[in-house]
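# Residue-level structural notes
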Amino acid sequence: MSFNIKIDGLDKLQKRLRKLGNAVQEEVAKKATGRGTAIIRDEAKAIAYKAPNSYKVYNSDGKGGKTCTVVKPGHVGRSIIMKRIPASERRGLTSKHIVTVSNSKEIPKGAKQIAAFIEYGINMPQPHPFMRPAFDNKRGEAKKAATKILMTEVRKEWKK
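Residues numbered from 1 in each chain as written. Predicted model: local features only at pLDDT ≥ 70, side-chain atom pairs only at ≥ 80, totals over all residues. Heavy atoms only, no water.

## Some remarks on the pattern of salt bridges
Which entries qualify depends on this criterion: A pairing counts as a salt bridge when a side-chain nitrogen of Lys or Arg comes within 4 Å of a carboxyl oxygen of Asp or Glu. Counting from the N terminus, the helices are the DSSP runs of H or I reaching at least four residues and the strands are the DSSP runs of E reaching at least two. In this scheme, a residue with accessible area under 20% of its type's maximum is buried, one over 50% is exposed, and one in between is partly exposed, where area comes from a 1.4 Å probe on protein chains only.
Throughout the structure, instances matching the rule amount to seven salt bridges. Where Asp136 meets Arg132, a salt bridge forms, and the shortest distance between an N and an O atom there is 3.2 Å. Of this pair, Asp136 and Arg132 both sit in helix H4 (residues 131-159), four residues apart, roughly one helical turn. Owing to a relative accessible area of 36%, Asp136 belongs among the partly exposed residues under this scheme. Note that Arg139 is salt-bridged to Asp136, the shortest N-O span being 4.0 Å. Of this pair, Arg139 and Asp136 are both found in helix H4, three residues apart, which corresponds to roughly one turn of the helix. The exposure class of Arg139 is partly exposed, given its relative accessible area of 40%. What you see here is one network of salt bridges that share partners, running through Lys31, Glu153 and Lys156.

## Some remarks on the pairing of strand S2 (residues 66-71)
Applicable threshold: Only strands that DSSP links by at least two bridges are regarded as paired with each other.
Bridging between strand S1 (residues 55-60) and S2 involves six bridges; their strand directions are antiparallel. Residue pairing in the sheet places Tyr55 in a bridge with Val71 of S2. Where S1 hands over to S2, the hairpin turn is made up of five residues, of which Gly62 adopts a positive phi near 85°.

## Topic: the side chain of Glu119
Here is the rule we go by: Charge counting follows a simple rule: Lys and Arg are positive, Asp and Glu are negative, and His as well as the terminal groups are ignored. Any N or O atom pair separated by 3.5 Å or less is treated as a polar contact, with the protein-specific requirement of one donor-capable and one acceptor-capable atom, and with residues adjacent in sequence counted only for side-chain atom pairs. In this description, contact between two residues means that some pair of their heavy atoms is separated by no more than 4.5 Å.
Counting through the fold element by element, Glu119 comes out in helix H3 (residues 111-120). One buried charged residue, Glu119, remains without a salt bridge, the closest side chain of opposite sign being Arg132 at 8.0 Å. Of note is the side chain of Glu119, whose polar atom sits 2.9 Å from the backbone nitrogen of Phe130. A polar atom in the side chain of Glu119 sits 3.1 Å from the backbone nitrogen of Met131. Every residue in contact with Glu119, bar those within four places of it in the chain, is listed here: Pro127, His128, Pro129, Phe130, Met131 and Arg132.

## Let's talk about H4
What counts is decided by this rule: In this scheme, a helix's expected span is set at 1.5 Å multiplied by one less than its residue total. Given a residue, its bend is the angle between the two axes fitted to the seven residues that end at it and to the seven that start from it.
The end-to-end C-alpha distance of H4 is 39 Å, a good match for the 42 Å that 29 residues give at a rise of 1.5 Å each. The axis of H4 is deflected most strongly, by about 60°, at Lys138. All buried positions along H4 are accounted for by Ala134, Ala142, Ala145, Ala146, Ile149 and Glu153.

## Some remarks on the nonpolar core
Definition in use: We call a set of buried Ala, Val, Leu, Ile, Met, Phe, Trp, Tyr and Cys residues a nonpolar core when their side-chain atoms join them within 4.5 Å.
In terms of nonpolar packing, the biggest core is built from 13 residues, with Val76, Ile80, Val101 and Phe130 touching the most fellow members. Top contributing element to this core by residue count: H3, with four residues. In contact with Phe130, other than residues within four places in its own chain, are Ala44, Ile47, Ala48, Val76, Ile80, Val101, Ala115, Ile118 and Glu119.

## Describing a nonpolar patch on the surface
For clarity, the threshold we go by: Candidate patch residues must exceed 30% relative accessible area and have no salt bridge, after which like charges are joined if within 9 Å and Val, Leu, Ile, Met, Phe, Trp or Tyr side chains if within 5 Å. Using the Shrake-Rupley algorithm and a 1.4 Å probe, accessible areas are obtained, with residue cover drawn only from the displayed protein chains.
Where nonpolar side chains cluster on the molecular surface, the patch consists of Phe117, Tyr120 and Ile122 and spans about 310 Å² of accessible area. Considering the arrangement of structural elements, one finds Ile122 in the loop between H3 and H4. Here Ile122 falls in the partly exposed class, since its relative accessible area comes to 39%.

## Quick look at the environment of Met131
Position of Met131 relative to the elements: it lies in helix H4. Counting along the chain gives 31 residues from Met131 to Thr100, while the straight-line C-alpha distance between them is 8.4 Å. With near-sequence residues (within four places) excluded, Met131 lies in contact with Ala44, Val99, Thr100, Val101 and Glu119.

## Remarks on the confidence of the model for the protein
Applied cut-off: Looking at any residue, its pLDDT shows the predictor's confidence there, from 0 to 100.
Looking at the protein as a whole, the pLDDT averages 79, with 81% of positions reaching at least 70. Taken together, the stretch residues 1-5 has pLDDT below 50 and engages in zero contacts with residues farther than four places along the chain or on a different chain.

Here's what the structure looks like:
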């Protein structure tokens, strides 16, 4: 018993796979990680601690004095953002996004510190973690959304 196998079009297939690889690296991975990160960011915003009243934050003004800023409740939730990590910092990964707290115009130099105080309970009777619970609650949903984007975008690129 013998078999004869003939394969045509391997060069064309190889070229398409190379082209698909470049498209995936450049755009598809960015869309997928961005979609998954957005889900976790939105959950973190939803569960972030909201102070019952306005409060004061004191910062140094860089000239030896201090400034006082009155902060409205919900400031930390409004300051939660997602950020794309530049290629120089992602060490071999195609795309990477993170969820973080930005320093906003409302409290220059203060939002990140306040978020850490809330997350870990520093200067508070008890901690109110929001970043880790957001990740734990929405990890599966974020992974599914990223996978769905990858699959649909790869199919689109393959058809081109």
